[in-house]
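Now for the letters of each chain:
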Amino acid sequence: MVVIGSGFGGLFTTAALKGADVDITLIAKTTHHLFQPLLYQVATGILSEGEIAPSTREILGRQRNAQVLLGEVTGIDLATRTVTSSVLDQSRSTAYDSLVVAAGSGQSYFGNDQFARFAPGLKSIDDALELRGRIFGSFEMAELVEDESQRAALMTFVVVGAGPTGVEMAGQIAELAHRTLRHEFRRIDPATARVILLDAAPSVLASFGDRLGAKALARLGRIGVQVQLGAKVVAVDGTGIEVEDAHGRRRIDAVCKVWAAGVSASPLGRLLAEQSGAALDRVGRIEVCPDLSLPGHPEVFVVGDMAALDGLPGVAQVAIQGGRHVAAQITAALAGKPVGRRFEYHDKGAMAMISRFSAVASIGPLRLSGFPAWLAWLVVHLVYLIGFKNRLTTLLHWSVSFVGRGRSERTVTQQQIFARQALDQLGDQFSATLSPAPEQDPGP
């Protein structure tokens, strides 16, 4: 059996088959399992990457029927039942009897992939670390420049997308600027930083309903986030972003931009569709049979963000439950029991943290906001983190950040600040406006 991907779908499928009579090869392009819902906290200095991305080998180290291979899957041949993966220009072919494809999703720029250079998404550890460098680096560079317009651009942060990721990201940048960094600089006041949340939609957190969306909007306003709805992004460059709204086209000067709008399924979906004849939806997810198998190929299962079935949302619980369902199907087949049971998704709700002590939660008929929702958010995210050590250190870091003012993970390098800040368009003009270094007393 081959499993593609070490996310929630791939990992939970593999773990659920721990006692089964199968040999599992898990192939992933990273060496870790990523708890993606907390990536924004890595980007804003609350958590370290290790706390939300434990080693896949460590997680599966005691599972004797599973092996882990590093590699990016570049090909799947349904006819010969082989998977081709590559790493460092070396290719490897792995045969399978059963295949689980759980390669997840990536960021979508709606056909404007050139935006990615100046407005990174938030889908990987690399993304989070790059954004950490851009966010903290913007304050550092603002402390150096003399030109007020350039300083204003450096202290303006734009988040595109008012879904859960965008709302959480904007809220944490605002708290970082207005609370954590407030007294740490001498030439700038971080509390004057602008944090702008943009979305072409007419509401915030649309999937949570009007009531919770309104509460989130009000809370964002109280912590200093400027929410601009009905604003479509039409251009992005190193020093700003252009939007169109009911009043026409306008520009926002901002060096640091975060893209949190839109997702696209893994390109492996198209590869499977071309060979099987299955249809793809508008974001590239493959339409699967009710039991999550690939049409015409009962030995192949598609799990998580890649699967299109009954409008299932692209959330972690769909991947977790889908992985366990597929594992149960494979176990039943090994025992000679009937297979093909329909996947039934049990919606456990949705949550988004707005700021410290404030969140919104939609759990069945229950609608929570404020402090009760924030407590529920803490408990749920702690439960789904993997490993006692990670839960303990995460809880300690949350205490430092939410009860106090500190952020434990603020380390950024000069390479991250200068090479990733996308300041190339400022060029010599930017360099010329740096404050001169104070003269050194040569001494006696």
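Further up the page is the structure itself.
Residues numbered from 1 in each chain as written. Predicted model: local features only at pLDDT ≥ 70, side-chain atom pairs only at ≥ 80, totals over all residues. Heavy atoms only, no water.

So, the overall build of the protein chain
Put simply, the rule reads: For the purposes of this entry, the term helix denotes a DSSP run of H or I that reaches at least four residues, the term strand denotes a run of E that reaches at least two, and both are numbered from the N terminus. Each radius of gyration is computed over the set of C-alpha atoms, and the globule rule expresses the reference value as 2.2 Å times the number of residues to the power 0.38. Here the term buried applies to any residue with accessible area under 20% of the maximum for its type, exposed to any over 50%, and partly exposed to those in between, with areas from a 1.4 Å probe on protein chains only.
Helix and strand content of the protein chain: 14 helices and 23 strands. In terms of C-alpha radius of gyration, the protein chain reaches 23 Å, essentially the compact-globule figure of 22 Å for 444 residues. The C-alpha extent of the protein chain, read off along each of the three principal axes, is 85 × 55 × 45 Å. Of all 444 residues assigned to the protein chain, the portion counted as buried reaches 52%.

Here we look at the sheet that holds strand E4 (residues 72-77)
Let me state the cut-off plainly: Pairing between strands is defined by DSSP: at least two bridges between the two strands are required. Here an angle of 0 to 180 degrees is reported between the N-to-C directions of two axes, which are lines fitted to C-alpha atoms, with helices fitted over the stretch in contact.
Across the sheet, which stays open at both edges, the three strands sit in the order E4-E5-E6 with antiparallel pairing between neighbours. At either end of the open sheet lies a strand with only one pairing partner, and these are E4 and strand E6 (90-95). Taking the axes of each pair of neighbouring strands and ignoring which way they run, one obtains an average angle of 25° across the sheet. Inspection of the sheet shows E4 paired to strand E5 (residues 82-87) by five bridges, in the antiparallel sense. If you follow Gly-75 over to E5, its bridge partner there is Thr-84.

A word on the side chain of Ser-293
Heads up, the rule is: N or O atoms within 3.5 Å of each other form a polar contact, as long as, within protein, one can give a hydrogen and the other can take it, and as long as residues adjacent in sequence are counted only when both atoms are side-chain atoms.
By secondary structure assignment, the location of Ser-293 is in strand E18 (residues 293-294). Polar contacts involving the side chain of Ser-293 include one to the side chain of Asp-291, which spans 2.6 Å.

Concerning the sheet that holds strand E15 (residues 256-259)
Our working definition: Two residues qualify as a contact provided that any one of their heavy atoms is within 4.5 Å of a heavy atom in the partner residue.
Judged by pairing direction, the sheet is parallel, and its four strands sit side by side in the order E11-E10-E9-E15 without closing on themselves. The strands lining the two open edges of the sheet, one partner per strand, are strand E11 (225-229) and E15. Between one strand and the next, the sheet's axes are offset by a mean angle of 20°, whatever the strand orientation. Two elements, strand E10 (residues 194-199) and E11, share five bridges in a ladder whose sense is parallel. Paired with Asp-199 across the bridge in E11 is Leu-229. Where helix H5 (residues 125-144) meets the sheet, it contacts strand E9 (156-160) and E15, and its direction lies at approximately 155° from that of E15.

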